[in-house]
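Tertiary structure, described
In case you want the letters, here they are:
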Amino acid sequence: MADVCPSRSEPTLSFTQGLILGQLSVVLVLAAFIKFFIFGDPPSPEVVASIRATDRRSRTLAHKKSILSLRETNALQLVQNPALNKKHVLRPGPPTLTIGSILSKTYYKVDSHQPESLDWFNVLIAQTIAQFRSDAQHDGAILSSLSKALNGTARPDFLDEIKVTELSLGEDFPIFSNCRIIPVDEDGLSFGTGKAFDANMATREGARLQARMDVDLSDMITLAVETKLLLNYPKRLSAVLPVALAVSVVRFSGTLSISFIPSNPSNNEPAKMIFTFLDDYRLDFSIRSLLGSRSRLQDVPKIAQLVESRLHRWFDERCVEPRFQEIALPNMWPRKKNTRGGDETISDVERSMSKTKGVDIAKDVREEARKEIEAEAHGGADRVPDSLRYRHRPRADEEFPGAGSMPGSMPGSMP
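Residues numbered from 1 in each chain as written. Predicted model: local features only at pLDDT ≥ 70, side-chain atom pairs only at ≥ 80, totals over all residues. Heavy atoms only, no water.

Further remarks concern the overall build of the protein chain. The number of helices and strands found in the protein chain is 9 helices and 8 strands. Counting all 415 residues of the protein chain, 22% fall into the buried class. Of all intrachain contacts in the protein chain linking residues separated by at least 6 positions in sequence, the fraction that spans at least 24 positions is 71%. Of the roughly 30,700 Å² that the protein chain leaves accessible, carbon and sulfur atoms contribute 59%. (Helix = DSSP H or I, 4+ residues; strand = E, 2+ residues; numbered from the N terminus. Buried < 20%, exposed > 50% of the residue type's maximum accessible area, 1.4 Å probe, protein only. Contact = heavy atoms within 4.5 Å. Areas by Shrake-Rupley, 256 points an atom, 1.4 Å probe, with all protein chains shown as cover.)

Right, dumping it as structure tokens:
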């Protein structure tokens, strides 16, 4: 019986047609990526700011809920295990000068005191910033510090050396206003939000006063850099792409929170000042970019979004609640090594007194030597004793009439 071979199905597309279809699909994917990822229209700044504010607020609320739940857990453990509560008896009581007494002695009522303007503080801050900008124009320390920070050990291998091409510290000054004092506990939470302040609630350990003030800055603070993207595959420096980037801070508005933590001599901890920004801040950037050397791509929206997102994350991770910056304060008692003023005047007086005293001593020695020489001359001595010759050694600033003559001798006399 003859074997019957099954009929082979012919491909519907030839090799050339499949190749063309594959190339078209790759081109379409690249076109969609370039259109929607690189050149896509970014969302409006208001929408982006609202989304970021919502994320920060949710993070802050989650942190507060975790703190409150932890307090409830600790309180429940103290109730269930009274032995833990006895340890609190051994702890020192609250300091004599509590938050309530400080507010009472300074006549500050938290519930009824009106927010204060900070015009005087704005003037001091403006003078400080103006001096900082003036020093930056005549000193290259800022540029060298920025270059070292940008070209540190964390710089990846695909980036060439980063060069700072523009640095502008702006012309305007921040405006602080609406300052108010708020008592907070050891975790930075307000006492009885929405209720009248009770001084007895602020007597436990860790309670402190917190100053909150609004900050607003509209300026153009710019930092521009340029570098090169290096392609090291399949061999080193296979391709090089020049990149130029300029980032400008155009506006910042938010609420600054400053508080003071007293020192703890038992633990050798100095007094500290901590500051942070609340999560309701607004930070706007203006970002310009330039890619390529001949066929250049200018102001790519996606690059601006990535850079702005990275800058917001950097700021949030450092000084936006619940995170804060801590500054150790020096001892406030006056010390000799910290005294300034009048040093030059005192030194000049001491030098003049010592100089006058030296001149008087020299005059006395010369007068004594002159009297002894005259006595020897009247006695008929042929030569002056060596003891008189070396009794007073001449100084560099003393001028003698002739070589080898003694102080006080006559010009024509011979030794």
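There is more to say after this.
Once that is clear, we can look at the pairing of strand β5 (residues 272-277). The sheet contact formed by strand β4 (residues 239-261) and β5 spans 6 bridges and is antiparallel. Note on β5: the bridge partner recorded for Phe-260 is Met-273. (Pairing = 2+ DSSP bridges.)

Now for the nonpolar core. Core analysis: the largest hydrophobic core is formed by 19 residues, its most contacted members being Met-213, Phe-252 and Phe-315. The set of elements that each furnish at least two residues to this core consists of β2 (175-184), β3 (208-231), β4, β6 (282-291) and α7 (301-319). Here this core gets 4 residues from one element, more than from any other, and that element is α7. (Core = buried A, V, L, I, M, F, W, Y, C linked by side-chain atoms within 4.5 Å.)

As a further point, take the packing of aromatic side chains. Under the counting rule described, the total for this entry stands at 7 aromatic pairs. Geometrically, the ring pair formed by Phe-121 and Phe-176 is edge-to-face, given 5.3 Å between the ring centres and 75° between the ring planes. Residue Phe-121 is found in helix α5 (residues 119-138), and its partner Phe-176 is found in strand β2; the two are separated by 55 residues along the sequence. Phe-176 sits in the buried class, given a relative accessible area of 10%. Taking 6.0 Å as the distance between ring centres and 80° as the angle between the ring planes, the aromatic pair formed by Phe-252 and Phe-315 counts as edge-to-face. Of this pair, Phe-252 sits in strand β4 while Phe-315 sits in helix α7; the two residues are 63 residues apart in sequence, bridging distant segments of the chain. Comparing Phe-252 with Phe-315 shows no difference in burial state: the two are buried. Members of the aromatic cluster, each reached through a chain of ring pairs, are Phe-252, Phe-277, Tyr-281 and Phe-315. A cation over an aromatic ring shows up here: Arg-56 above the ring of Tyr-281, its NZ or CZ 3.9 Å from the ring centre. (Phe/Tyr/Trp six-rings, centres within 6.5 Å; stacked < 30°, edge-to-face > 60°. Lys NZ or Arg CZ within 6 Å of the ring centre and 35° of its normal.)

Moving on, we get to a nonpolar patch on the surface. Side chains of Phe-158, Leu-229 and Leu-241 sit close together on the surface and give an oily, nonpolar patch of about 240 Å² of accessible area. With respect to the secondary-structure elements, Leu-241 resides in strand β4. The class of Leu-241 is partly exposed, set by a relative accessible area of 34%. (Patch = residues over 30% accessible without salt bridge, like charges linked within 9 Å, V, L, I, M, F, W, Y side chains within 5 Å. Salt bridge = Lys/Arg side-chain N within 4 Å of Asp/Glu carboxyl O.)

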